[in-house]
Amino acid sequence: QQPVQSPQAVILREGEDAVINCSSSKALYSVHWYRQKHGEAPVFLMILLKGGEQKGHEKISASFNEKKQQSSLYLTASQLSYSGTYFCGTEIHGGATNKLIFGTGTLLAVQP
Amino acid sequence: DTGVSQDPRHKITKRGQNVTFRCDPISEHNRLYWYRQTLGQGPEFLTYFQNEAQLEKSRLLSDRFSAERPKGSFSTLEIQRTEQGDSAMYLCASSLVLLAGGVEPPFGPGTRLTVL
């Protein structure tokens, strides 16, 4: 039931782009994306509610393909501050609970 | 600061002791969630409340765990007879249920529990 994220880890140079994928075996009501720095709580990035929806947050954007039960997070022109572990949180069951099932995580390291 | 707050931020205890954590949600939020995160893993859902009612509990929440939200405001999570496997970050989140659409539940800073 846990969504699978890919890749598991990625190393970038500043200014490079990356894509993180989140794939679920269950039909999704919404997808939430979080970034977590070591030793800190996850920080909310964005929520996608509708199939095919795309949202943006600074140079970070995401898409949600409801039919494929997948979401992708796009990081463009990466900055050192983007380093951390990215988690997708998926909401099923029509969104009645707002309970999130988190993915396996993707470790992103941005180097100078 | 009007965000979710948790207390304590860190707790070190010996195996077999009881511990209690507190979460204060954003004031107008009627839903409150507890998650547990072990090293290298994503957060795992434990339980959630709508107002004072506990509506769902995960199978992860063994009999040693109990959560309350007596007045529909703050919540406590108690772990009895702690075990080393309980060592984790315990995260609290809150949200306001709207008639349409999902809302993002912001997490509190977490309570890191270390059981020796």
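Everything below is about the structure shown above.
Here's a quick rundown of the structure. Just so it is clear, the structure is predicted and the values come from calculations on it, not from any experiment. (Residues numbered from 1 in each chain as written. Chains lettered and ligands numbered in written order. Predicted model: local features only at pLDDT ≥ 70, side-chain atom pairs only at ≥ 80, totals over all residues. Heavy atoms only, no water.)

1. Some remarks on the pairing of strand 4 (residues 31-37) of chain B
It is a general feature of regular strands that their side chains alternate between the two faces of the sheet.
Residue and element names in this part refer to chain B.
Part 1 of the reasoning: Most of strand 4 is tucked away, with seven of its seven residues classed as buried.
Part 2 of the reasoning: Side chains R31, Y33, Y35 and Q37 project from strand 4 onto one buried face, and the interleaved L32, W34 and R36 project onto a second face that is buried too.
Part 3 of the reasoning: In terms of strand pairing, strand 4 meets strand 5 (residues 44-50) through six bridges, oriented antiparallel. When the sheet's bridge partners are listed, L32 is paired in strand 5 with F49.
Part 4 of the reasoning: Counting the residues between successive antiparallel strands, the hairpin from strand 4 to strand 5 contains six residues, one of them, G40, with a positive phi of roughly 85°.
Part 5 of the reasoning: Summarising the sheet, strand 4 and strand 9 (residues 88-95) pair through seven bridges and their orientation is antiparallel. From the neighbouring strand, L32 faces strand 9, where its bridge partner is S94. (Buried < 20%, exposed > 50% of the residue type's maximum accessible area, 1.4 Å probe, protein only. Helix = DSSP H or I, 4+ residues; strand = E, 2+ residues; numbered from the N terminus. Pairing = 2+ DSSP bridges.)

2. Description of the state of the cysteines
Residue and element names in this part refer to chain A.
Part 1 of the reasoning: Inspection of the entire model under this criterion finds two disulfides over all chains.
Part 2 of the reasoning: Bridging C22 to C88, the disulfide has an S-S length of 2.0 Å. Because the torsion about its S-S bond is 70°, the bridge between C22 and C88 counts as right-handed. You can see C22 sitting in strand 3 (residues 18-23) and its partner C88 sitting in strand 9 (residues 84-91), a full 66 residues away along the chain.
Part 3 of the reasoning: By relative accessible area, which is 0% here, C88 ends up buried. (Disulfide = S-S within 2.5 Å.)

3. Comments concerning the sheet that holds strand 3 (residues 19-24) of chain B
Residues and elements named next belong to chain B.
Part 1 of the reasoning: Across the sheet, four strands lie side by side as 1-3-8-7; this open sheet has antiparallel pairing. Every other strand in the sheet has two partners, leaving strand 1 (5-7) and strand 7 (65-68) as the edge strands with one partner each. The average angle at which neighbouring strand axes cross in this sheet is 15°, direction not considered. (Axes fitted to C-alpha atoms, helices over the stretch in contact; angles between N-to-C directions.)

4. Comments concerning the pattern of salt bridges
Part 1 of the reasoning: Summed over the entire model, instances satisfying the criterion amount to four salt bridges over all chains.
Part 2 of the reasoning: In this structure, K99(A) engages E56(B) in a salt bridge whose closest nitrogen and oxygen atoms are separated by 2.5 Å. One end of the pair, K99(A), is in the loop between strand 9 and strand 10 (101-102); the other, E56(B), is in strand 6 (residues 53-57), on a second chain.
Part 3 of the reasoning: The closest approach of N and O atoms between R64(B) and D86(B), which form a salt bridge, is 2.8 Å. A residue pair is termed long-range when its members are at least 10 positions apart, and R64(B) in the loop between strand 6 and strand 7 and D86(B) in the loop between strand 8 (75-79) and strand 9 qualify at 22 residues. (Salt bridge = Lys/Arg side-chain N within 4 Å of Asp/Glu carboxyl O.)

5. Overview of the environment of A93(B)
Residue and element names in this part refer to chain B.
Part 1 of the reasoning: Assignment of secondary structure puts A93 in strand 9.
Part 2 of the reasoning: Take A93: its relative accessible area is 0%, and that puts it in the buried class.
Part 3 of the reasoning: A sequence separation of 69 residues divides A93 from D24, and the C-alpha atoms of the two residues are 9.2 Å apart.

6. Here we look at the interface of chain B and chain A
How big an interface is tends to be expressed through the accessible area that disappears when the partners come together.
Part 1 of the reasoning: With 23 residues of chain B in contact, the opposing surface of chain A contributes 19 residues.
Part 2 of the reasoning: Of the roughly 1700 Å² buried where chain B meets chain A, counting both sides, 58% is carbon and sulfur surface.
Part 3 of the reasoning: Run the count over chain B and chain A and you get one salt bridge.
Part 4 of the reasoning: On inspection of chain B and its partner chain A, the count reaches three residue pairs in polar contact (both at pLDDT 80 or more).
Part 5 of the reasoning: Every element with two or more residues in the side of chain B that touches chain A is listed here: strand 4, strand 5 and strand 9 of chain B. (Contact = heavy atoms within 4.5 Å. Buried area = accessible area lost by both parts, 1.4 Å probe. Polar contact = N/O pair within 3.5 Å; in protein donor to acceptor, adjacent residues only side chain to side chain.)

Function cannot be read off these values alone, since they describe shape.
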